[in-house]
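# Descriptive structure summary
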Amino acid sequence: MLYFHLFAIMKTKILLSIFSCALISNLAIAQNKITSEVASAIKVASATQIKTDIAYLADDKLLGRKPGTPGYKMACDYVIEQLKSNGVKPAGDNGTWLQSIVMRNATLAPNFTASIYSNSNSTDLAAESGITINPNPTATTTSIDAQIVFAGYGITAPEKNYDDYKGLNVKGKIVLIVRGAPSSFSSSESAASMNVATIQKNALKHGAIGVITATIAERPANTGPVRPAVARPIMALMSEKGELIVCASFTSEKLKLAGTLNFSVTNKILNDAGKNLTTVLENLKKGETQSFASNLKIKAGYQTTHSDFTTYNVAGVIEGSDSKLKKEYVVHSAHLDHMGVGRAVLGDSIYNGAHDNASGIASLLQITKIYSELKQKPKRSILVLAVTGEEMGLLGSGYFAAKPTIPVDKIVANVNTDMPGIIAPMLSITALGADHSTLINQVNEAAAYFDLPVEPDPEPNENRFVRSDQYSFIKEGIPALHVKYGNKTADGKNNLDLFVKEWRAKYYHKPQDDINGIFDFEAGKKYAQLNFLIGYLVANDLTKPSWNPGDIFEKKK
Ligand SMILES: [Zn+2]
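Cut-offs and rules
- Residues numbered from 1 in each chain as written.
- Predicted model: local features only at pLDDT ≥ 70, side-chain atom pairs only at ≥ 80, totals over all residues.
- Buried ≥ 20, exposed ≤ 12 C-beta atoms within 10 Å, placed from the backbone.
- Helix = DSSP H or I, 4+ residues; strand = E, 2+ residues; numbered from the N terminus.
- Arc of directions from axis to C-beta.
- Axes fitted to C-alpha atoms, helices over the stretch in contact; angles between N-to-C directions.
- Parallel < 35°, antiparallel > 145°, perpendicular 65-115°, else oblique.
- Left-handed = near helix turned anticlockwise from the far one by under 90°.
- Contact = placed C-beta atoms within 7 Å.
- Nonpolar A, V, L, I, M, F, W, Y, C, P; charged D, E, K, R; others polar.
- Domains from an automatic or database assignment.

## Looking at helix α8 (residues 263-272)
An α-helical turn contains 3.6 residues, so a residue and the one three or four places further along point in the same direction. Every buried residue belonging to α8 is among V265, T266, I269 and L270, and all of these are buried. Within α8, the buried residues cover an arc of 135° as seen down the axis, which keeps them to one side. Backbone geometry just downstream of α8 places G274 in the positive-phi region, at approximately 75°.

Put into structure tokens, the structure is as follows:
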């Protein structure tokens with residue numbers, strides 16, 4: 001397999017089979033910007049300290065760092081101590097290190113009612129497990145009675161010349177959508193378009209009051225009994241005044257119904273309008289919108305119980321050196337939470353999250369250590385952010401991006417660190433999301449400095465770009481990236497993805513992801529150094545990062 005240098009691809013549109021010539025030119029650029037002070041500061045990053053930090057954060061006594069537990073608070077305290085010793089200053093609420101957040105657990109009461117009806121007949125959806133209703137984090141009692149409108153994928157993407165809402169009136173109605181995107185969308189465009197929160201927000205913008213997802217495949221016969229149609233509890237972050245700030249599956253108090261219809265109800269709605277599901281799906285894939293107003297209505301009433309507790313983001317700042325630009329920020333982030341105690345696997349029930357994401361936090365701490373070593377700080381300020389609730393749907397970062405402790409329009413970029421995957425030497429990288437913006441320039445400069453080829457995402461179908469906290473910033477219109485390993489291996493087989501897949505099967509989101517797993521702490525050090533340098537180059541560049549003109553993420557604000 002060849003390694004493609006993205007910078008070279010962008011500049012020349014020619015795929016170079018040898019990346020060295022591009023590396024040399026980038027190295028020359030990088031060396032002008034990377035002073036000897038920066039070069040020597042980079043060397044303070046410590047593999048031993050990364051191991052120490054991971055060992056503490058992933059210790060059994062922290063019980064998997066679940067938000068709302070003492071173990072999570074211990075993790076916050078540890079990070080604060082480390083940031084203090086690295087010369088970082090607090091940047092949370094009112095001069096503290098913490099941003100306090102009310103986390104709400106919302107649970108649907110089982111006695112809900114729901115029916116689908118027309119003038120001539122009515123079907124009880126509750127009795128037949130026809131609908132799964134998402135709990136409403138904004139109200140304890142909710143009711144709705146509205147017409148169904150089918151809105152295809154629920155996508156409005158003018159830059160792709162695609163709009164499921166064209167000519168459709170959904171005001172006061174329930175939008176029915178299928179999850180997907182036209183085949184002309186790239187993997188990151190599809191992933192972003194299929195995001196439930198994005199779909200709901202778009203529907204609300206068009207005046208809808210309900211958004212339900214269609215089930216488009218029959219349930220396989222041998223998958224056990226049908227589960228009762230009660231949604232699992234959901235987590236939402238609320239302001240102290242009780243406003244909904246972020247929730248992955250129920251995004252606004254204007255929404256009266258969110259949920260999923262089963263396969264037979266989906267078919268019933270399409271058949272009633274004289275449509276065939278297979279044909280509709282085929283046409284949607286081709287980019288031909290299939291929207292229509294149904295004659296059917298849904299009537300539902302349900303109750304949600306709420307239980308609230310407090311959780312925290314940890315925020316710190318390293319002040320920039322330029323009197324003007326220091327009012328702008330580059331955010332280095334990583335999530336601090338993990339999944340707590342859960343179902344036992346091989347006799348262990350503590351989900352320690354050593355890789356996910358104690359290793360990212362350990363990297364973040366080394367990044368701050370390098371900044372603290374610099375006498376001449378970068379022009380812009382650096383905001384250091386350890387967030388809560390990532391595992392529950394990017395909640396803490398979503399909260400910070402919506403209610404930052406600094407002005408949101410002063411955040412120029414986000415460099416996120418989630419589960420670097422330090423299980424082997426880091427010999428090449430991929431920078432998720434960077435090629436959507438000018439951030440690819442700093443990625444290429446920093447990677448060239450460390451002799452690391454930059455590869456396209458080896459696993460585009462994993463949609464990793466929208467699966468971690470950088471996505472919360474992207475949704476606010478802030479260019480962001482997340483560095484992952486590329487595929488290069490020392491033996492020349494360049495199949496690191498296979499090793500990662502094996503690792504994932506055994507360790508990912510399992511209690512086995514503890515300090516006794518597979519680690520390459522030297523790779524962790526290199527990862528931290530590289531991420532520092534990317535952030536540093538962005539923070540020190542006179543030009544503010546920007547999305548590529550016409551990019552799908554450009555106008556998401
Ligand atoms: Zn995770």
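Resuming the write-up.
## Focus: the packing of helix α4 (residues 47-57) against helix α10 (residues 354-373)
Packed helix pairs are characterised by how far apart their axes lie and by the angle those axes make with each other. The interhelical angle for the contact between α4 and α10, taken along N-to-C directions, is 135°, at an axis separation of 9 Å. In terms of their interaxial angle, α4 and α10 are classed as oblique. As α4 packs across α10, the resulting crossing turns out to be right-handed. Residues Q49, I50, D53, I54 and L57 of α4 touch α10, and the partners they reach there are A354, A358, S359, I361, A362, L365 and Q366. Grouping the amino acids of the contact of α4 with α10 by side-chain chemistry returns eight nonpolar, three polar and one charged.

## What about the packing of α10 against helix α15 (residues 521-540)?
At their nearest, the axes of α10 and α15 sit 8 Å apart, and the two run at 55° to each other. By the angle between their directions, the pair α10 and α15 is classed as oblique. The two elements α10 and α15 meet at a crossing, and its hand is right-handed. Residues S359, A362, S363, Q366, I367, I370 and Y371 of α10 lie in contact with α15, whose contacting residues are G524, K525, Y527, A528, Q529, N531, F532 and G535.

## Considerations on the domain arrangement of the chain
Splitting the chain by domain gives domain 1 (36-96 + 319-540) and domain 2 (105-307). Taking the mean C-alpha position of each, domain 1 and domain 2 sit 34 Å from one another. Facing the 14 residues of domain 1 at the interface are eleven residues of domain 2. Considering only residue class, the side of domain 1 that touches domain 2 consists of eight nonpolar, five polar and one charged.

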